[in-house]
Amino acid sequence: MATEPDSQNIEELVSFLPIFTREGFDPVVEWGGGELLPSGARTFPWPVYHEAVIAFFQLAGKAPWCDYEYAEKDVPALLQEGNYLERATLQEIKTVLTFCVRGERFCDGHWGTMIREGVIQRLLARLADISKGI
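> What's the story with the overall build of the chain in this structure? I'm lost.
When helices and strands are counted, the chain shows 7 helices and 2 strands. For the chain, the sequential pattern of α-helices and β-strands runs α-α-β-β-α-α-α-α-α. Of all 134 residues assigned to the chain, the portion counted as buried reaches 42%. Long-range contacts, defined here as pairs at least 24 residues apart, represent 66% of the contacts in the chain between residues at least 6 apart. In the form shown here, the chain has an accessible surface area of approximately 7,800 Å², with 55% of it arising from carbon and sulfur atoms. If you average the places of the 12 positive and of the 20 negative side-chain charges in the chain, the two averages end up 1 Å apart.

> Please clarify how the nonpolar core should be interpreted in this entry.
Generally speaking, a soluble globular protein has its nonpolar side chains buried in company with each other. Counting residues in hydrophobic clusters, the biggest one holds 38 residues, and the most contacted among them are Phe 20, Phe 56, Phe 57, Val 96, Ile 120, Leu 124 and Leu 127. Those elements that provide at least two residues to this core are helix 1 (7-14), helix 2 (17-20), helix 3 (51-60), helix 4 (75-79), helix 5 (90-106), helix 6 (110-116) and helix 7 (119-132). If we skip the residues at most four places from it in the chain, Phe 56 touches Leu 13, Phe 16, Phe 20, Leu 97, Ile 120 and Leu 124.

> Looking at this structure, I do not really get the side chain of Asp 67. What am I missing?
For Asp 67, the location among the structural elements is in the loop between helix 3 and helix 4. A distance of 2.7 Å separates polar atoms of two side chains, one belonging to Asp 67 and the other to Lys 73.

> What is the right way to look at the packing of aromatic side chains in this model?
How two aromatic rings sit relative to each other is set out by the distance from centre to centre and by the angle between their planes. In this structure the tally under the stated criterion is 7 aromatic pairs. For the ring pair Phe 20 and Phe 56, a centre distance of 5.4 Å and an interplane angle of 80° mean the geometry is edge-to-face. You can see Phe 20 sitting in helix 2 and its partner Phe 56 sitting in helix 3, a full 36 residues away along the chain. Exposure remark for Phe 20: the relative accessible area of 3% places this residue in the buried category. Phe 56 sits in the buried class, given a relative accessible area of 0%. Between Tyr 49 and Trp 111, the ring centres sit 5.3 Å apart and the planes meet at 40°, which makes this aromatic pair tilted. Of the two residues, Tyr 49 sits in strand 2 (residues 46-49) while Trp 111 sits in helix 6, which places them 62 residues apart along the sequence. Linked through ring pairs, Phe 16, Phe 20, Phe 25, Tyr 49, Phe 56, Phe 57 and Trp 111 together constitute an aromatic cluster.

> I'm lost on the environment of Phe 16 in this one. Help?
Take Phe 16: it is sitting in the loop between helix 1 and helix 2. Distance in space between the C-alpha atoms of Phe 16 and Ala 52 is 7.5 Å, their sequence separation being 36 residues. Those residues in contact with Phe 16, other than ones at most four positions away along the chain, are Ala 52, Ala 55, Phe 56, Leu 59 and Leu 124.

What counts and what doesn't
Residues numbered from 1 in each chain as written. Predicted model: local features only at pLDDT ≥ 70, side-chain atom pairs only at ≥ 80, totals over all residues. Heavy atoms only, no water. Helix = DSSP H or I, 4+ residues; strand = E, 2+ residues; numbered from the N terminus. Buried < 20%, exposed > 50% of the residue type's maximum accessible area, 1.4 Å probe, protein only. Contact = heavy atoms within 4.5 Å. Areas by Shrake-Rupley, 256 points an atom, 1.4 Å probe, with all protein chains shown as cover. Lys, Arg positive; Asp, Glu negative; His and termini not counted. Charge placed at Lys NZ, Arg CZ, Asp CG, Glu CD. Core = buried A, V, L, I, M, F, W, Y, C linked by side-chain atoms within 4.5 Å. Polar contact = N/O pair within 3.5 Å; in protein donor to acceptor, adjacent residues only side chain to side chain. Phe/Tyr/Trp six-rings, centres within 6.5 Å; stacked < 30°, edge-to-face > 60°.

Pasting the structure below:
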């Protein structure tokens, strides 16, 4: 049975908003990999994330934020809808968060892209608005 996020869960995530909106903040500290191995193979590069990014996505991946049916929704298309995140419900936020969390498994650098493109910041700002009504 899925649990719903409470005000403490929301505050935990919203506390990252000042970090992610700080001028000059880069979610990726450096890129690792890309080395040529003695066998002649080259390793794929991977992002080394800022510690706050890792902490945020660890929290965002916990039970109250998981939408186990997120894959049935076309989240990339939803994110293209102008102000979708600014009017999103708590359930829709869970869906987008799950997409963001899981995306790194399929595409190295996904977390960084979600932060650089402002998806996470807009989502957190919406959560802050929602928390005022709780």
